[in-house]
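The lines below spell out each chain.
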Amino acid sequence: MDDVAWRARTRFRAFDGKTWLVERSGPTEKRAVERLESAIEQLQKSQARLTVDFRFRDVAEVWLGKVAQRRAATTRDTYEQTLKSVVLDRIGDLRLREISVPVLEEFFEKLEAEGYSAGYRRSVRTLTTEERRRLFAGMDGFVLDSRCSSGADLPDLVRFLLGTGCHIGEAVAVRWKDVNLTDKPVVVDGTEIPPRSVC
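Residues numbered from 1 in each chain as written. Predicted model: local features only at pLDDT ≥ 70, side-chain atom pairs only at ≥ 80, totals over all residues. Heavy atoms only, no water.

A. View of the overall build of the protein. Secondary structure summary: the protein contains 7 helices and 4 strands in total. Along the chain direction, N to C, the helices and strands of the protein fall in the order β-β-α-α-α-α-α-α-α-β-β. By the burial criterion, 21% of the 199 residues in the protein qualify as buried. In the protein, the share of contacts with a sequence separation of at least 24, taken over all contacts with a separation of at least 6, comes to 40%. (Helix = DSSP H or I, 4+ residues; strand = E, 2+ residues; numbered from the N terminus. Buried < 20%, exposed > 50% of the residue type's maximum accessible area, 1.4 Å probe, protein only. Contact = heavy atoms within 4.5 Å.)

B. Representation of the environment of E34. Along the chain, E34 falls in helix α1 (residues 29-46). Each C-alpha atom of the pair E34 and R24 lies 8.8 Å from the other, and the pair is 10 residues apart in sequence.

C. Here's a closer look at the packing of helix α5 (residues 129-146) against helix α6 (residues 154-164). In contact at an axis separation of 9 Å, α5 and α6 are set at 160° when each is read in the N-to-C sense. The orientation of α5 relative to α6 falls into the category roughly antiparallel. Here R132, L135, F136, M139, D140 and V143 of α5 come into contact with α6, specifically with L154, P155, V158, R159 and L162. Partitioning the contact of α5 with α6 into residue classes produces 8 nonpolar, no polar and 3 charged. (Axes fitted to C-alpha atoms, helices over the stretch in contact; angles between N-to-C directions. Parallel < 35°, antiparallel > 145°, perpendicular 65-115°, else oblique. Nonpolar A, V, L, I, M, F, W, Y, C, P; charged D, E, K, R; others polar.)

Take a look at the structure:
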(Lines give C-alpha, C1' and ligand atoms only; values in the text may rest on other atoms or scores of the structure.)
Protein backbone atom coordinates (compact mmCIF):
# COMPACT_ATOMS: atom_id res chain seq x y z
CA MET A 1 0.00 0.00 0.00
CA ASP A 2 2.70 2.52 -0.95
CA ASP A 3 3.59 4.73 2.02
CA VAL A 4 0.28 4.19 3.82
CA ALA A 5 0.47 1.81 6.77
CA TRP A 6 -1.29 -1.52 6.47
CA ARG A 7 -4.45 -1.90 8.51
CA ALA A 8 -5.88 -5.16 9.82
CA ARG A 9 -9.32 -5.23 11.35
CA THR A 10 -11.81 -7.73 12.71
CA ARG A 11 -14.89 -7.87 14.86
CA PHE A 12 -14.56 -9.04 18.45
CA ARG A 13 -17.57 -10.31 20.38
CA ALA A 14 -17.15 -9.49 24.05
CA PHE A 15 -18.60 -11.49 26.94
CA ASP A 16 -21.42 -8.96 27.30
CA GLY A 17 -22.62 -9.98 23.83
CA LYS A 18 -21.60 -6.72 22.15
CA THR A 19 -19.47 -6.80 19.02
CA TRP A 20 -16.63 -4.29 18.63
CA LEU A 21 -14.54 -3.39 15.63
CA VAL A 22 -10.85 -3.87 16.51
CA GLU A 23 -8.22 -2.40 14.22
CA ARG A 24 -4.42 -2.29 14.29
CA SER A 25 -1.94 -0.95 11.77
CA GLY A 26 1.66 -1.67 10.87
CA PRO A 27 4.31 -0.90 8.28
CA THR A 28 3.63 -4.26 6.58
CA GLU A 29 0.62 -6.50 6.22
CA LYS A 30 2.25 -9.16 8.39
CA ARG A 31 3.04 -6.65 11.16
CA ALA A 32 -0.51 -5.24 11.12
CA VAL A 33 -1.98 -8.76 11.44
CA GLU A 34 0.42 -9.62 14.28
CA ARG A 35 -0.59 -6.49 16.16
CA LEU A 36 -4.27 -7.27 15.64
CA GLU A 37 -3.82 -10.84 16.88
CA SER A 38 -1.97 -9.53 19.93
CA ALA A 39 -4.77 -7.03 20.65
CA ILE A 40 -7.42 -9.77 20.40
CA GLU A 41 -5.39 -12.00 22.72
CA GLN A 42 -5.17 -9.18 25.29
CA LEU A 43 -8.91 -8.56 25.04
CA GLN A 44 -9.60 -12.23 25.63
CA LYS A 45 -7.29 -12.33 28.66
CA SER A 46 -8.77 -9.17 30.14
CA GLN A 47 -12.24 -10.68 29.85
CA ALA A 48 -11.30 -14.21 30.85
CA ARG A 49 -14.31 -15.80 32.45
CA LEU A 50 -15.53 -19.15 33.52
CA THR A 51 -15.70 -21.75 30.78
CA VAL A 52 -18.31 -24.40 30.03
CA ASP A 53 -16.12 -26.93 31.83
CA PHE A 54 -16.54 -25.26 35.21
CA ARG A 55 -18.90 -26.86 37.70
CA PHE A 56 -22.02 -24.94 38.67
CA ARG A 57 -20.85 -24.74 42.31
CA ASP A 58 -17.68 -22.91 41.14
CA VAL A 59 -19.79 -20.42 39.20
CA ALA A 60 -22.01 -19.95 42.25
CA GLU A 61 -18.93 -19.17 44.36
CA VAL A 62 -17.81 -16.49 41.91
CA TRP A 63 -21.33 -15.04 41.89
CA LEU A 64 -21.44 -14.98 45.71
CA GLY A 65 -18.14 -13.09 45.69
CA LYS A 66 -19.72 -10.43 43.48
CA VAL A 67 -22.80 -10.31 45.72
CA ALA A 68 -20.53 -9.74 48.72
CA GLN A 69 -19.02 -6.69 47.02
CA ARG A 70 -22.39 -5.07 46.31
CA ARG A 71 -24.70 -6.24 49.09
CA ALA A 72 -24.83 -6.45 52.85
CA ALA A 73 -23.21 -9.47 54.49
CA THR A 74 -26.61 -10.72 55.64
CA THR A 75 -27.87 -10.71 52.04
CA ARG A 76 -24.87 -12.73 50.91
CA ASP A 77 -25.41 -15.19 53.78
CA THR A 78 -29.08 -15.60 52.81
CA TYR A 79 -28.16 -16.30 49.17
CA GLU A 80 -25.43 -18.72 50.21
CA GLN A 81 -27.79 -20.61 52.53
CA THR A 82 -30.39 -20.94 49.77
CA LEU A 83 -27.77 -22.11 47.29
CA LYS A 84 -26.47 -24.75 49.70
CA SER A 85 -29.83 -26.00 50.92
CA VAL A 86 -31.77 -25.90 47.64
CA VAL A 87 -29.51 -25.73 44.59
CA LEU A 88 -25.99 -27.09 45.01
CA ASP A 89 -26.97 -30.53 46.31
CA ARG A 90 -29.03 -31.02 43.16
CA ILE A 91 -27.04 -29.44 40.32
CA GLY A 92 -23.83 -28.18 41.95
CA ASP A 93 -21.59 -30.84 40.40
CA LEU A 94 -22.89 -30.42 36.86
CA ARG A 95 -20.62 -28.65 34.42
CA LEU A 96 -22.02 -25.58 32.69
CA ARG A 97 -22.17 -27.39 29.35
CA GLU A 98 -24.36 -30.07 30.98
CA ILE A 99 -26.98 -27.61 32.25
CA SER A 100 -29.52 -27.70 29.45
CA VAL A 101 -33.17 -26.67 29.32
CA PRO A 102 -34.39 -30.25 30.03
CA VAL A 103 -32.03 -30.49 33.02
CA LEU A 104 -33.36 -27.22 34.44
CA GLU A 105 -36.97 -28.24 33.79
CA GLU A 106 -36.39 -31.46 35.75
CA PHE A 107 -34.66 -29.48 38.51
CA PHE A 108 -37.63 -27.09 38.87
CA GLU A 109 -40.16 -29.95 38.72
CA LYS A 110 -38.36 -31.68 41.60
CA LEU A 111 -38.35 -28.45 43.58
CA GLU A 112 -42.08 -28.06 43.06
CA ALA A 113 -42.66 -31.68 44.11
CA GLU A 114 -40.74 -30.93 47.32
CA GLY A 115 -42.93 -27.94 48.09
CA TYR A 116 -40.98 -25.17 46.42
CA SER A 117 -43.04 -23.24 43.91
CA ALA A 118 -41.40 -21.73 40.84
CA GLY A 119 -44.27 -19.26 40.59
CA TYR A 120 -44.15 -18.23 44.24
CA ARG A 121 -44.14 -14.48 44.75
CA ARG A 122 -44.46 -12.67 48.04
CA SER A 123 -47.37 -10.30 48.19
CA VAL A 124 -45.99 -6.88 49.13
CA ARG A 125 -47.93 -3.66 49.44
CA THR A 126 -47.27 -0.23 50.83
CA LEU A 127 -49.01 1.04 53.93
CA THR A 128 -51.80 3.53 53.48
CA THR A 129 -51.38 6.96 55.04
CA GLU A 130 -53.80 6.01 57.81
CA GLU A 131 -52.00 2.71 58.52
CA ARG A 132 -48.71 4.57 58.68
CA ARG A 133 -50.09 7.12 61.15
CA ARG A 134 -51.51 4.38 63.39
CA LEU A 135 -48.22 2.48 63.29
CA PHE A 136 -46.20 5.56 64.26
CA ALA A 137 -48.67 6.55 67.00
CA GLY A 138 -48.62 3.04 68.42
CA MET A 139 -44.82 2.85 68.47
CA ASP A 140 -44.43 6.33 69.93
CA GLY A 141 -47.05 5.55 72.59
CA PHE A 142 -45.37 2.26 73.47
CA VAL A 143 -42.00 3.94 73.97
CA LEU A 144 -43.52 6.69 76.15
CA ASP A 145 -45.65 4.31 78.22
CA SER A 146 -43.03 1.62 78.74
CA ARG A 147 -40.32 3.94 80.05
CA CYS A 148 -37.94 1.38 78.62
CA SER A 149 -34.85 2.84 76.96
CA SER A 150 -34.01 -0.32 75.00
CA GLY A 151 -36.85 0.30 72.53
CA ALA A 152 -36.48 4.06 72.27
CA ASP A 153 -34.85 3.90 68.84
CA LEU A 154 -37.50 1.62 67.36
CA PRO A 155 -39.79 4.40 66.02
CA ASP A 156 -36.83 6.07 64.27
CA LEU A 157 -35.68 2.77 62.80
CA VAL A 158 -39.15 1.93 61.45
CA ARG A 159 -39.49 5.42 59.95
CA PHE A 160 -36.10 4.98 58.28
CA LEU A 161 -37.09 1.55 56.91
CA LEU A 162 -40.36 2.87 55.50
CA GLY A 163 -38.73 5.94 54.03
CA THR A 164 -35.84 4.21 52.32
CA GLY A 165 -37.07 0.70 51.56
CA CYS A 166 -33.87 -0.71 53.08
CA HIS A 167 -33.55 -4.19 54.48
CA ILE A 168 -33.22 -4.31 58.25
CA GLY A 169 -29.54 -5.34 58.05
CA GLU A 170 -28.75 -2.41 55.76
CA ALA A 171 -30.62 0.04 57.97
CA VAL A 172 -28.86 -0.90 61.21
CA ALA A 173 -25.50 -0.75 59.41
CA VAL A 174 -25.93 2.91 58.37
CA ARG A 175 -23.27 5.14 59.93
CA TRP A 176 -23.56 8.83 60.75
CA LYS A 177 -21.14 9.66 57.94
CA ASP A 178 -23.63 8.07 55.50
CA VAL A 179 -26.42 10.44 56.54
CA ASN A 180 -26.89 14.07 55.62
CA LEU A 181 -29.76 15.58 57.63
CA THR A 182 -30.90 17.74 54.74
CA ASP A 183 -32.66 16.76 51.56
CA LYS A 184 -29.59 14.91 50.25
CA PRO A 185 -29.63 11.14 49.59
CA VAL A 186 -28.69 8.61 52.25
CA VAL A 187 -25.89 6.23 51.26
CA VAL A 188 -26.63 2.60 52.14
CA ASP A 189 -24.08 -0.04 51.29
CA GLY A 190 -22.69 2.15 48.51
CA THR A 191 -26.13 2.86 47.03
CA GLU A 192 -27.69 6.30 47.16
CA ILE A 193 -31.28 6.32 48.35
CA PRO A 194 -33.18 9.51 47.49
CA PRO A 195 -34.83 11.40 50.32
CA ARG A 196 -38.53 10.76 50.89
CA SER A 197 -41.08 11.93 53.41
CA VAL A 198 -42.38 9.20 55.69
CA CYS A 199 -44.40 11.34 58.11
